[in-house]
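# Architecture and fold: a report
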Amino acid sequence: MSDRAQTPEGGTPIVGDDPVYLNDPIQDATVRMLLELAAQVWVERERRLTLEALLESKGIVARDEIERHIPDAVLAARLKDERARFIEDIFKELRRVSLNR
Amino acid sequence: MSTTPETLPPLARRSDAAYLDFVEGLREFILGKGADFEERLNGALERTASSRGRPWGDVEEIREFVHALPLGRLRDRLARSQQEMKWHAIERSFGEQRAQLTAELAKWDERGPGRLLLDPAFVHPAYTNVHFHLQPGGYYKDELSGFLYHYGTKVFFRGDNDKDELHAKLVGTVPTPSDGKVNRILDLACSIGQSSTAFHRRYPEADVWGIDHSAPMLRVAHRRAAMQGDAVNFAQRLVEKTGFPDAHFDITFAFILFHELPPRIIDETVREAARVTRRGGIFAIYDFTGTEGKSPYQRYHRWFDARHNGEPYSQDFCDCRLGDILAANGFEVAAAPLAKRAGGTGYMQHWFATRV
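The rules behind these values
Residues numbered from 1 in each chain as written. Chains lettered and ligands numbered in written order. Predicted model: local features only at pLDDT ≥ 70, side-chain atom pairs only at ≥ 80, totals over all residues. Heavy atoms only, no water. Core = buried A, V, L, I, M, F, W, Y, C linked by side-chain atoms within 4.5 Å. Buried < 20%, exposed > 50% of the residue type's maximum accessible area, 1.4 Å probe, protein only. Contact = heavy atoms within 4.5 Å. Helix = DSSP H or I, 4+ residues; strand = E, 2+ residues; numbered from the N terminus. Pairing = 2+ DSSP bridges. Phe/Tyr/Trp six-rings, centres within 6.5 Å; stacked < 30°, edge-to-face > 60°. Lys NZ or Arg CZ within 6 Å of the ring centre and 35° of its normal. Buried area = accessible area lost by both parts, 1.4 Å probe. Salt bridge = Lys/Arg side-chain N within 4 Å of Asp/Glu carboxyl O. pLDDT = per-residue confidence, 0-100. Polar contact = N/O pair within 3.5 Å; in protein donor to acceptor, adjacent residues only side chain to side chain. Disulfide = S-S within 2.5 Å.

### Some details on the nonpolar core
Residues and elements named next belong to chain B. Of all hydrophobic cores here, the largest spans 86 residues; its most connected members are Phe 94, Phe 258, Phe 283, Leu 322 and Leu 326. In contact with Leu 322, not counting residues within four places along its chain, are Phe 258, Ile 266, Val 270, Ile 285, Phe 317 and Trp 351. If you look at the next biggest cluster of nonpolar residues, it comprises 24 residues, including Val 182, Ile 251, Ala 284 and Phe 352.

### Notes on the environment of Arg 96 of chain A
Along the chain, the position of Arg 96 of chain A falls in the segment after helix H3 (73–91). Take Arg 96 of chain A: its relative accessible area is 22%, and that puts it in the partly exposed class. Non-local contacts of Arg 96 of chain A, meaning those with residues more than four positions away in its chain, are made with Asp 17, Asp 18 and Arg 32 of chain A together with Glu 84 of chain B.

### A word on the sheet that holds strand S7 (residues 331–334) of chain B
Residue and element names in this part refer to chain B. Pairing in this open sheet of eight strands is mixed, and the strands run S1-S4-S3-S2-S5-S6-S10-S7 from one edge to the other. Each of the sheet's edge strands pairs with one partner strand only, and the pair in question is strand S1 (116–117) and S7. Bridging between S1 and strand S4 (residues 233–236) involves two bridges; their strand directions are parallel. Along S4, the bridge assignment pairs Leu 116 with Phe 234.

### Details of the packing of aromatic side chains
All names here are of chain B. Counted according to the given criterion, the structure contains 16 aromatic pairs over all chains. Taking 6.2 Å as the distance between ring centres and 55° as the angle between the ring planes, the aromatic pair formed by Phe 94 and Phe 147 counts as tilted. Residue Phe 94 is located in helix H5 (residues 70–95), and its partner Phe 147 is located in helix H7 (residues 145–156); the two are separated by 53 residues in the primary sequence. Given the relative accessible area of 0%, Phe 147 is considered buried. In this structure an aromatic cluster arises from ring pairing among Phe 132, Tyr 139, Tyr 149 and Tyr 313. For Arg 237, the ring lying beneath its charged end belongs to Trp 209, and the centroid distance is 5.9 Å. Across from the ring centre of Phe 331, 6.0 Å away, lies the NZ or CZ of Arg 355, which sits over that ring.

### Points about the interface of chain A and chain B
The partner chain B presents 43 residues to the 38 residues of chain A that form the contact. Between chain A and chain B the total buried area reaches about 3500 Å² when both faces are included, carbon and sulfur atoms providing 53% of it. In this assembly, chain A and chain B are joined by six salt bridges. Where Glu 96 of chain B meets Arg 85 of chain A, a salt bridge forms, and the shortest distance between an N and an O atom there is 3.7 Å.

### Things to note about the confidence of the model for chain B
Residues of chain B with pLDDT of at least 70 account for 96%, and the chain-wide mean is 94. When the criterion is pLDDT under 50, residues 1–5 of chain B qualifies, and its contacts beyond four places in sequence or with other chains add up to 15 contacts.

### Remarks on the side chain of Arg 32 of chain A
Residue position: Arg 32 of chain A is located in helix H1 (residues 25–57). With a relative accessible area of 5%, Arg 32 of chain A lands in the buried category. Non-local contacts of Arg 32 of chain A, meaning those with residues more than four positions away in its chain, are made with Glu 93 and Arg 96 of chain A together with Arg 77, Ser 81 and Glu 84 of chain B.

### Topic: the environment of Trp 87 of chain B
Residue position: Trp 87 of chain B is located in helix H5. A distance of 2.6 Å separates a polar atom in the side chain of Trp 87 of chain B from the backbone oxygen of His 133 of chain B.

### A few points about the pattern of salt bridges
A side chain with one charge may pair with a side chain of the opposite charge, provided their charged atoms come close. Applying the stated criterion across every chain, the model contains 32 salt bridges over all chains. A salt bridge links Lys 33 of chain B to Glu 39 of chain B, with the nearest nitrogen and oxygen atoms 3.3 Å apart. Judged by its relative accessible area of 37%, Glu 39 of chain B falls in the partly exposed class. It is possible to trace a salt-bridge network through shared partners that takes in Asp 28 of chain A together with Arg 77, Arg 80 and Glu 84 of chain B.

### Here we look at the state of the cysteines
Residue and element names in this part refer to chain B. A full pass over the atoms with the stated rule returns zero disulfides over all chains. Sulfur of Cys 320: no disulfide; nearest cysteine sulfur belongs to Cys 318 and is 8.2 Å away. Its relative accessible area of 23% is what places Cys 320 among the partly exposed residues.

Laid out in structure tokens, this is it:
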């Protein structure tokens, strides 16, 4: 997140960027990754259901064609990029585990 | 007439919308009956108070109890994470469209029917430099803060305010001054102007002004109003120093403002509202309920919200007596019934104050 510096005037002290709630930071990171994974699963499921419904309604692709499809080089490269983003989304939490706690 | 979803720019990709749809559902599950944290933790708190024969003392005592429970710690982890996930997704998705969105704001800055008055020399008081609700950059440090806020609140309201329904409903509850005269309306800390436009629609002949310290919020407010054809004026001003003449407004409104102000500014803002609201005019407020009457869990939740969700001033606000402050500054406050909630009072309350 950008520019975390804050200057509240008194009141309740605001906790820092990566508070630890569970017994140790690894547990917190594990829960964060689980939530992220669940979000990504939903994103993929929503996409697939939408796509399959569209394809079938237009009579373009049958479901077994999707199962048998082999990506060409362009699609393969795109999938690789998407995979990197997927891994980053879920496992970025590992960077937030402090060395000092 | 256009509706709110059309004024909210689309996210960069469908998967971003699906991700935030998931966060919305997760939020509902965690904070609602799905996980049922409130009932279970409050039950544990009340049983413990009963068995030891004395009520809970200060919130620190409640916090120690909740944090000793694995369920309490997990609840906090999940509550924090859903908020972080929301902002991460919104910031990234709008950030990828920064150039287009910035150009979009600029396109509308000079268009009517209402006016947008920004102050290039504006200095933000230190107390405003808070990342409320963990919004990245807070309310004013990112030129896209208004768009971030708009999408953030869309998720927060879980689809119930996509067409400003909540704002229209709240504005609809504000009593008209007894003499029926409503020529000028002031919306304090208007953010993206949802209440301001609702007031314009309720009183189309009135001159409606929305003020806020955040230029990015005001630019989105102006764009939304202009896109929808609502003649509302927006100006970059402080709620405690509005710059309007004495007794200028028939209705002054503050929607979830006061819990985001330190006590000193609460006093100054009420004093300013008393100055700019004419005798017989209405000062309508919608904000957090006080600590009194809260269940032990609700007191804990308020503390958590303050410390872990960027609400440093909310505890002090909940402990102050806003009705007394209003009365001390020349307002007569109508008694507002408090909504009930399991184990305590509701979280929100109206104050309808008449300037005497």
